[in-house]
Amino acid sequence: MKHIESPSTPGKFKMEKPPYNRLRLQSSIAKLAFWSLVFLGMMFVFFYRSPSSSNPAPSDRSRRSLTSSYAGPSFEKRVRQSAKPRSKHGMSVLVTGAAGFVGTHISAALKRRGDGVLGLDNFNSYYDPSLKRARQAMLERSGVYIVEGDINDGALLAKLFNIVPFTHVMHLAAQAGVRFAMKNPNSYVHSNIAGLVSMLEFCKNVNPQPAVVWASSSSVYGLNTKVPFSERDRTDQPASLYAATKKAGEEIAHTYNHIYGLSLTALRFFTVYGPWGRPDMAYFFFTKDILKGKSIPIFEAPNHGTVARDFTYIEDIVKGCLAALDTTEKSTGSGGKKKGKAQLRVYNLGNTSPVPVGDLVSILEKLLKVKAKRLVMKLPRNGDVPFTHANISLAETELGYKPTTDLRTGLKKFVQWYLSYYVDGKKSSH
Ligand SMILES: O=C(O)[C@H]1O[C@H](OP(=O)(O)OP(=O)(O)OC[C@H]2O[C@@H](n3ccc(=O)[nH]c3=O)[C@H](O)[C@@H]2O)[C@H](O)[C@@H](O)[C@H]1O
């Protein structure tokens, strides 16, 4: 420390300069090492907590951008073959969320009638991915190829749109579930907002622009008390983050229609159920738990009020979706520029016959021949609404939509499938 004590002595100062510099160098290295560690730590936290990784569990593949399996002639051939319609008037549809419940049924129905279908799905683990793999295997047997990837992967979307000039996009990839939004809010933003924007960005940029039909939700009616719910009713009081992201999606769709001339149709699905359904939904896990002899929580509204849903059978929903695709008008823009006013639609797809959750359980008891252990409890404050009831007159008039399956008939088909898949097929239902 002498050099500090007598810095004015030129000789000494000169002599002691090297140790001073060494010390400064050492302290700089220490600082550099410290800040590098801080930086690395921040990078780790950023990537660990980034929206894509806080998504329930996008597959590893979906986190990578373009992998080698997305390149090369054999990949392109598979994509082209799958997306090619049987006749030249058929559609070529990109179905996102194709390994999901609704996506699987719609992909199969489109393929059956001769349209070209390419699936896209990230196979995340929000619920058992082996069920999604089984749906994928079923679709593959009917000629539908599902590309494994995320709707937020711009490079992948570019690749797919380069290979196929899709005439339509059926956008079903989403983070579903009302109650899970309290556990993992980021996954809803990632899929239902960022993912939707990512898709629409692509759709508006390509030439020709496809027409887009996408899944909104009955949950947008939120705290609305006017029944039955009509498309003209207010939807500015969502009761869950899930509902808020679907409502945001409808507003985002409006802007892409307004600015870029994209043809957009939102379908508000009302509690869709049926074979190959979603294990997170009440009818599905009630079935599992009744068979296991476990008690099932049945929610009731304040003052012992009934909680009811306008349960809608999957085949009716499929018909509504196909009709929506068939009645789309072409987008009017090209290469990101609007050329004229384009179609913008919103439809309720419900059953227009609400059933109390307790009655749903009674139907299941009869079909399963097992008495349920009912645990009646207050509707938790977790985003659930007490009832839903669709007014479907707009879809009836404009799409020819007419649901024909009552809850008992639909649940019978679900139970038959459930028993053959999980009991006879010995699959684990977790
Ligand atoms: O139409 C929609 O837009 C949404 O439909 C579906 O949501 P919901 O109608 O809430 O279906 P679901 O969870 O099966 O609960 C059914 C009933 O059981 C009651 N319920 C639920 C759980 C429980 O433990 N007990 C209970 O009584 C519960 O209170 C409710 O009354 C989709 O999941 C959602 O993704 C979205 O698509």
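Residues numbered from 1 in each chain as written. Predicted model: local features only at pLDDT ≥ 70, side-chain atom pairs only at ≥ 80, totals over all residues. Heavy atoms only, no water.

A tally of helices and strands in the protein chain yields 15 helices and 13 strands. Residue pairs at least 24 apart in sequence account for 82% of intrachain contacts in the protein chain once pairs closer than 6 positions are excluded. Counting only carbon and sulfur atoms, one obtains 59% of the accessible surface of the protein chain, whose full area is about 20,700 Å². (Helix = DSSP H or I, 4+ residues; strand = E, 2+ residues; numbered from the N terminus. Contact = heavy atoms within 4.5 Å. Areas by Shrake-Rupley, 256 points an atom, 1.4 Å probe, with all protein chains shown as cover.)

With respect to topology, 7 strands assemble into an open sheet ordered β3-β2-β1-β4-β5-β6-β11, the strand pairing being parallel. Only two strands of the sheet have a single partner each, and these edge strands are β3 (145-148) and β11 (344-349). Taken over all neighbouring pairs, the strand axes of this sheet differ in orientation by 20 degrees on average, direction set aside. Alignment of strand β1 (residues 92-96) against strand β4 (residues 168-171), held across 4 bridges, turns out to be parallel. Residue pairing for β4: V95 is matched across the bridge by M170. Sheet strands in contact with helix α8 (residues 154-163) are β1, β2 (116-121), β3 and β4, and its direction is about 170 degrees off that of β2. (Pairing = 2+ DSSP bridges. Axes fitted to C-alpha atoms, helices over the stretch in contact; angles between N-to-C directions.)

What follows deals with the side chain of H171. Relative to the elements of secondary structure, H171 occurs in strand β4. Excluding anything up to four places from it in sequence, H171 contacts T96, I151, L196, M199, V213, W214 and A215.

On to the site of the ligand, then. Taken together, 24 residues sit near the ligand, with R179, S217, S218, A282 and R309 positioned nearest. Between the ligand and the protein, one listed contact pairs an oxygen atom with a backbone N or O atom of F269 at 3.1 Å. Burial of the ligand by the protein amounts to 94% of the accessible area it has alone, namely 700 Å². Classifying every residue of the shell around the ligand gives 15 nonpolar, 5 polar and 4 charged. (Near = heavy atom within 4 Å. Polar contact = N/O pair within 3.5 Å; in protein donor to acceptor, adjacent residues only side chain to side chain. Nonpolar A, V, L, I, M, F, W, Y, C, P; charged D, E, K, R; others polar.)

Detailed reading of the predicted model is not advised wherever pLDDT is low. Looking at the protein chain, the pLDDT average stands at 88 and 84% of residues meet or exceed 70. Confidence scores differ between elements of the protein chain, with helix α1 (residues 2-5) showing the lowest mean pLDDT of 34 and strand β10 (residues 312-313) the highest of 99. Counted against residues more than four places away or in other chains, residues 1-20, with its pLDDT under 50, gives 5 contacts. In the predicted structure, residues 43-64 sits below a pLDDT of 50 and forms 44 contacts with residues beyond four places in sequence or in another chain. As scored by the predictor, the complex reaches a pTM of 0.86 and an ipTM of 0.99. (pLDDT = per-residue confidence, 0-100.)

Here we take up the environment of K111. Secondary-structure assignment places K111 in helix α6 (residues 101-112). K111 sits 98 residues away from Q209 along the chain, and the two C-alpha atoms are 22 Å apart. Setting aside residues up to four positions removed in sequence, K111 forms contacts with Q81, S82, K84, R86, G116, V117, S142, G143 and V144. A polar side-chain atom of K111 sits 3.5 Å from the main-chain carbonyl oxygen of G143.

Turning our eyes to something else, we now look at the nonpolar core. Core analysis: the largest hydrophobic core is formed by 76 residues, its most contacted members being V102, M170, L267, F269, Y283, L411 and W417. In contact with L411, other than residues within four places in its own chain, are Y273, Y283, L360, I363, L364 and L367. Core analysis: the next-biggest nonpolar cluster, separate from the first, contains 33 residues, L94, L157, F161 and I163 among them. (Core = buried A, V, L, I, M, F, W, Y, C linked by side-chain atoms within 4.5 Å. Buried < 20%, exposed > 50% of the residue type's maximum accessible area, 1.4 Å probe, protein only.)

Time to look at the pattern of salt bridges. Per the counting criterion, the structure on display carries 18 salt bridges. With a shortest N-O distance of 3.8 Å, R80 and E76 are connected by a salt bridge. Taken together, the residues span about one helical turn, with R80 and E76 both in helix α5 (residues 73-83) at a distance of 4 residues. A relative accessible area of 43% places R80 in the partly exposed class. Take E76: its relative accessible area is 23%, and that puts it in the partly exposed class. In this structure, a network of salt bridges that share partners links the residues E76, R80 and K159. (Salt bridge = Lys/Arg side-chain N within 4 Å of Asp/Glu carboxyl O.)

Compared with an ideal rise of 1.5 Å per residue, which puts 12 residues at 16 Å, helix α13 (residues 357-368) spans 16 Å between its outermost C-alpha atoms and is within 8% of the ideal. Within the span of α13, buried status applies to V357, L360, V361, I363, L364, E365 and L368. Residues of α13 that are buried in the fold lie against α11 (282-292), β8 (295-300), β9 (308-309), β12 (355-356), β13 (373-378) and α15 (407-424). With its phi angle positive at about 60 degrees, K369 sits one or two positions after the end of α13. (Expected span 1.5 Å × (residues − 1).)

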